[in-house]
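The chain contents come next:
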Amino acid sequence: MSYLNRQDAGQQLAKALRRFQRDNVVVLALPRGGVVLGAEVARELGTPLGLVLVRKIGHPSNPEYAVGAVAEDERPIYDKGGIATIDKRWLTQAEASARAIIAHRRKYYYGEDLTPPDIAGKTVIIVDDGIATGLTMEAAVLAVRRKRPKRIVVAIPVAASGSVKKIRDIADEVLVLDNPDNFLGAVGAHYRHFEQIDDEEVRKLLREVNDDLQ
């Protein structure tokens, strides 16, 4: 399955999630790309939109290859095989850098005029534009779980089958629009247009969706 762009994927995901319209729901998206889909889902369900701030830790020789991930105020998680030959001092520095970026983005995205939604006791739908290794989503789910939601639903258009199995072990439900066996090796391969999303777009969408609820 392919999607025109993130808006198209988000609209299709929103239709598949309509059964949650009557629940006490909060939608959380992973910046940056996931926020475009999360906005479509939140608008369809009439729910608040918040963020799960997670940063991938890429391999020093191939930054696109994730060997770990860290969520805000949480311990990092690592692929043990992926970090076996990586210098521990480098990992410590990479983690510190990731945390600094997360702190900066939280301040920029929310600013002083927007409060993250309360998720305790609620059904939380975590949205992203796709899952490859699954490390960032795993870190996101674990971070959300510690805030005591009633239920965690992970919703994505595309995902690798191995990653889906891992996420199902820690989430209450995983919804993937496309068959994970059809994963093309990269999330972007499933989109005809997969442009970079900047921080300003994330900030804008977050405010637009939540302002519509006022």
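Since we're looking at a predicted model, the values are computed, not measured. (Residues numbered from 1 in each chain as written. Predicted model: local features only at pLDDT ≥ 70, side-chain atom pairs only at ≥ 80, totals over all residues. Heavy atoms only, no water.)

Quick word on the packing of helix 2 (residues 33–45) against helix 6 (residues 199–211)
Our working definition: Only the contacting stretch of a helix is used when fitting its axis, a line to C-alpha atoms as for every element, and angles between N-to-C directions run 0 to 180 degrees. Comment: elements are numbered from the N terminus, with helices defined as DSSP H or I runs of at least four residues and strands as E runs of at least two. Orientation is classified from the angle alone, with under 35 degrees giving roughly parallel, over 145 giving roughly antiparallel, 65 to 115 giving roughly perpendicular, and any other angle giving oblique. Pairs of residues are marked as contacts when any of their non-hydrogen atoms sit within 4.5 Å. Here the term charged refers only to Asp, Glu, Lys and Arg, the term nonpolar to Ala, Val, Leu, Ile, Met, Phe, Trp, Tyr, Cys and Pro, and the term polar to all other amino acids, Gly among them.
Here helix 2 crosses helix 6 at 5 degrees, and the two axes come no closer than 10 Å. The orientation of helix 2 relative to helix 6 falls into the category roughly parallel. Where helix 2 abuts helix 6, its residues Val35, Val36, Ala39, Ala42 and Arg43 lie against Val202, Leu205, Glu208 and Val209. Among the residues making up the contact of helix 2 with helix 6, the classes are represented as 7 nonpolar, no polar and 2 charged.

Looking at the sheet that holds strand 8 (residues 173–176)
Worth spelling out the cut-off: We call two strands paired when DSSP finds no fewer than two bridges between them.
Strands sit in the order 2-1-6-7-8 across an open sheet of 5 strands; the sheet is parallel. At either end of the open sheet lies a strand with only one pairing partner, and these are strand 2 (49–51) and strand 8. Sheet twist, expressed as the mean angle between neighbouring strand axes with direction ignored, is 25 degrees. As judged from the 5 bridges shared by strand 6 (residues 123–127) and strand 7 (residues 151–156), these two strands associate in the parallel manner. Looking at the pairing, threonine 123 lines up with arginine 151 of strand 7. Its contacts with the sheet place helix 2 against strand 1 (25–29), strand 2 and strand 6, and it is angled at close to 165 degrees to strand 1.

A look at the pairing of strand 4 (residues 62–71)
Here strand 3 (residues 54–59) runs beside strand 4; their pairing, made up of 6 bridges, is antiparallel. Bridge assignment links isoleucine 57 to a residue of strand 4, and that residue is glycine 68. As consecutive antiparallel partners, strand 3 and strand 4 are separated by 2 residues. Bridge count for strand 4 against strand 5 (residues 77–78) is 2 bridges, and the pairing is antiparallel.

Remarks on the sheet that holds strand 4
Spatially, 3 strands are ordered 3-4-5 in an open sheet, and the strand pairing comes out antiparallel. Each end of this open sheet is capped by a strand with a single partner; those strands are strand 3 and strand 5. Of the strands in this sheet, strand 3, strand 4 and strand 5 are in contact with helix 3 (residues 88–110), which crosses strand 3 at around 150 degrees. Running over the sheet, helix 4 (residues 135–145) touches strand 3, strand 4 and strand 5 and is turned about 5 degrees from strand 4.

With respect to helix 5 (residues 161–168)
Condition: Relative accessibility thresholds used throughout: buried, under 20% of the residue-type maximum; exposed, over 50%; partly exposed, between the two (1.4 Å probe, protein chains only). The directions considered for the arc are those from the helix axis to the C-beta atoms.
Every buried residue of helix 5 is accounted for by Ser163, Val164 and Ile167. In an axial view of helix 5, the angular spread of the buried residues amounts to 100 degrees, which keeps them on one side of the axis. Exposed and oriented more than 90 degrees from the buried face of helix 5 are Lys165 and Arg168. Considering only its buried residues, helix 5 is in contact with helix 4, strand 7 and strand 8.

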